[in-house]
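Chain and residue survey
Take a look at the letters that make up each chain.
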Amino acid sequence: MTGTGTRRTVGVEEELMLVGHDGSPIARAQDVLGSAEPADGPLEHELMEEQIETATPPRSTLEDVAAAIREGRAGAQAAAERHDARVAALGTSPLALAGTTVGKLRYLLARAEFGLTAREQLTSGCHVHVSVADDAEGVAVLDRIGPWLAPLLALSANSPYWMGDDSGYTSFRSQVWSRWHTAGPTRRFGTPEAYHAAVDGLVATGTILDKGMVYFDARLSARYPTVEIRVADVCLSADTATLLAALARGLVETAARAADSPAPEAPVEILRTALWRASRSGLAGDLVDPRTWRPAPAHDVVGALVDHVREALQDMDDLDTVTELLGTLWSRGNGAARQRAWAAEANGDLGAVARRAADATLE
């Protein structure tokens, strides 16, 4: 745990789509944010006008994290309703749409500089912030959690559709996101100085606008004393988002406790391949097992993840809740599985899928 003997705090940022009553994304972020009220909670722009972002305050108990996630979603919905819109926790839109870039200078510069990569970034992720004591502890964590990020992606996978078609992936968002040249897994850094030198070196190449465009799957937050785990799709269910937060905190705590031991060997090319595998089949097939770097059933790999962080989960009184939430997830499927089931029930009507996703966002 942290130096004070208390639980590490967790904050969750969720990118949510704005959809109309037919399920199509609608470009109303400026209006929604412009009329947002304090009771709606903190809401922010993302790159596209068809989405907004929520952010929970840092919380130490999983019960409070779960409540804050639901409050954030409810507040975003209240703000959206004033402009005849709904929020939907979708990693990508099931329906085809060319996104509308927010009219802020930084976003317009990104659109001009990065072309189709920026124009097609109507994708929604979930970022979990877990507190760390300082940059030294944060880098020790980053150097040790990489092998376990692919299972987090598989659990959260919630983007099977792209431009009106079934992509064949459970998380096509991660495929689209990987077009950014700074996205993905990272090497071992060893020290804060090496980490910050790597970030400064990327900026110095002139191929990104600023440090905010360093899109590592896990990074030191530039705003908070946290490790920010960014690998996941936005989760369809608030329960899954809570599970993701618990496992992310367990990974950070487990890694921090091992900071005096050598970090495991984890070649970036293997980590990238494991992430691709998770994005392709999610929980429905094999994943790459971090213990062996060989294929294993997703159920076994997720079980190994829980075993890896079990002591930390027990110490934070999270294990029973994680076990319960995992059981629910296995029984009804992740977001991608549920979306495909809804599409089958609706005879391929992807608008119906988006509408049901908006309903599920507030469950």
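Everything that follows concerns the structure shown earlier in this document.
Below you will find a few notes about this structure. (Residues numbered from 1 in each chain as written. Predicted model: local features only at pLDDT ≥ 70, side-chain atom pairs only at ≥ 80, totals over all residues. Heavy atoms only, no water.)

**A few points about the packing of aromatic side chains**
This model, assessed by the stated rule, comprises ten aromatic pairs. Residues Tyr-169 and Trp-276 carry aromatic rings whose centres are separated by 6.0 Å and whose planes lie at 90° to one another, so their mutual orientation is edge-to-face. Taken as a pair, Tyr-169 in the loop between β7 (165–166) and α7 (172–177) and Trp-276 in helix α10 (residues 268–281) lie far apart in primary sequence, 107 residues in all. Feature note: the residues Phe-114, Trp-177, Trp-180 and Tyr-215 constitute an aromatic cluster, connected by ring pairs. Directly above the aromatic system of Tyr-169 lies the positively charged group of Arg-280, at a separation of 5.5 Å from the ring centroid. (Phe/Tyr/Trp six-rings, centres within 6.5 Å; stacked < 30°, edge-to-face > 60°. Helix = DSSP H or I, 4+ residues; strand = E, 2+ residues; numbered from the N terminus. Lys NZ or Arg CZ within 6 Å of the ring centre and 35° of its normal.)

**Brief notes about the side chain of Asp-318**
Mapping Asp-318 onto the fold places it in the loop between α11 (298–315) and α12 (319–332). Separated by 2.8 Å, the side chains of Asp-318 and Arg-249 make a polar contact. The residues contacting Asp-318, other than those within four sequence positions of it, are Leu-62, Arg-249 and Leu-313. (Polar contact = N/O pair within 3.5 Å; in protein donor to acceptor, adjacent residues only side chain to side chain. Contact = heavy atoms within 4.5 Å.)

**Re the environment of Leu-142**
One can find Leu-142 in helix α5 (residues 135–145). For Leu-142, a relative accessible area of 7% gives the class buried. Linking Leu-142 and Thr-186, residues 44 residues apart in sequence, is a C-alpha distance of 8.5 Å. For Leu-142, the residues in contact, after removing those within four places along its chain, are Tyr-195, Ala-218, Arg-219, Leu-220 and Val-227. (Buried < 20%, exposed > 50% of the residue type's maximum accessible area, 1.4 Å probe, protein only.)

**Topic: the pairing of strand β5 (residues 125–131)**
Within β5, seven of the seven residues are buried, leaving the element largely enclosed by the surrounding structure. Burial of the side chains of β5 extends over both faces: Gly-125, His-127, His-129 and Ser-131 are buried on one face and Cys-126, Val-128 and Val-130 on the other. Sheet topology places strand β1 (residues 10–19) next to β5; five bridges connect them, and they run antiparallel. Its bridge partner being in β5, Glu-13 is matched across the sheet by His-127. As paired elements, β5 and strand β9 (residues 226–233) share six bridges and run antiparallel to each other. Pairing of His-129 across the sheet is with Glu-228, part of β9. (Pairing = 2+ DSSP bridges.)

**Quick notes on the nonpolar core**
Buried together is how nonpolar side chains tend to be arranged in soluble globular proteins. Within the largest apolar cluster, 74 residues are counted, with the highest numbers of intra-cluster contacts made by Ile-145, Leu-152, Ile-229 and Leu-247. If you tally residues by element for this core, the top one is helix α9 (residues 238–257), at twelve residues. Beyond its immediate stretch of four places on either side in the chain, Ile-229 contacts Cys-126, His-127, Val-128, Ile-145, Leu-149, Leu-152, Asp-217, Ala-218, Ala-248 and Val-252. In terms of nonpolar packing, the next biggest core, distinct from the first, is built from 19 residues, Val-102, Leu-236, Ala-343 and Ala-354 among them. (Core = buried A, V, L, I, M, F, W, Y, C linked by side-chain atoms within 4.5 Å.)

**Describing unusual backbone geometry**
Positioned with a positive phi, Met-163 is a non-glycine residue whose angle comes to about 55°. With respect to the helices and strands, Met-163 occurs in the loop between β6 (161–162) and β7. Of note, Asn-347 is a non-glycine position whose phi angle comes to about 55°, a positive value. Of the residues examined, Asn-347 reaches a relative accessible area of 76% and is grouped as exposed.

**Digging into empty space enclosed by the protein**
In total, this model carries three cavities of 30 Å³ or more according to the counting rule given. The space that makes up the largest cavity amounts to roughly 60 Å³. Along the walls of the largest cavity sit Leu-155, Ser-156, Cys-235, Leu-236, Ser-237, Thr-240, Leu-329, Arg-332, Gly-333, Asn-334, Gly-335 and Arg-338, which together make up its complete lining. Every element with two or more residues in the lining of the largest cavity is listed here: α6 (149–156), α12 and α13 (335–345). Across the lining of the largest cavity, the residue classes break down as four nonpolar, six polar and two charged. (1 Å grid on protein atoms, 1.4 Å probe; cavity = no way out; pocket = protein on both sides within 12 Å on 5 of 7 lines; lining within 4 Å. Points joined across faces, edges and corners; volume = space filled by probe spheres on them. Nonpolar A, V, L, I, M, F, W, Y, C, P; charged D, E, K, R; others polar.)

**Considerations on the packing of α6 against α10**
Across the interface, α6 lies against α10 with an axial gap of 8 Å and an inter-helix angle of 15°. Relative to α10, the element α6 is oriented roughly parallel. By crossing handedness, the relation of α6 to α10 is classed as right-handed. Where α6 abuts α10, its residues Leu-149, Ala-150, Leu-153 and Ala-154 lie against Ala-274, Leu-275, Ala-278 and Ser-279. Taken together, the residues that form the contact of α6 with α10 break down as seven nonpolar, one polar and no charged. (Axes fitted to C-alpha atoms, helices over the stretch in contact; angles between N-to-C directions. Parallel < 35°, antiparallel > 145°, perpendicular 65-115°, else oblique. Left-handed = near helix turned anticlockwise from the far one by under 90°.)

**Thoughts on the side chain of Thr-254**
Following the sequence through the fold, Thr-254 ends up in helix α9. Within polar-contact distance, the side chain of Thr-254 engages the backbone oxygen of Gly-250 at 2.7 Å. Setting aside anything within four residues of it in sequence, one finds Thr-254 in contact with His-308, Val-309 and Ala-312.

**Things to note about the pairing of strand β3 (residues 51–55)**
If a strand is regular, its side chains alternate between the two faces of the sheet. Most of β3 sits inside the fold, with four of its five residues counted as buried. Across five bridges, β1 lies against β3 in antiparallel orientation. Paired with Leu-16 across the strands is Ile-52, a residue of β3. One ladder, built from three bridges, connects strand β2 (residues 43–45) with β3; its direction is antiparallel. Of the residues in β3, the one forming a bridge with His-45 is Ile-52. Counted between consecutive antiparallel strands, the loop separating β2 from β3 contains five residues.

These figures come from the coordinates and say nothing about function on their own.
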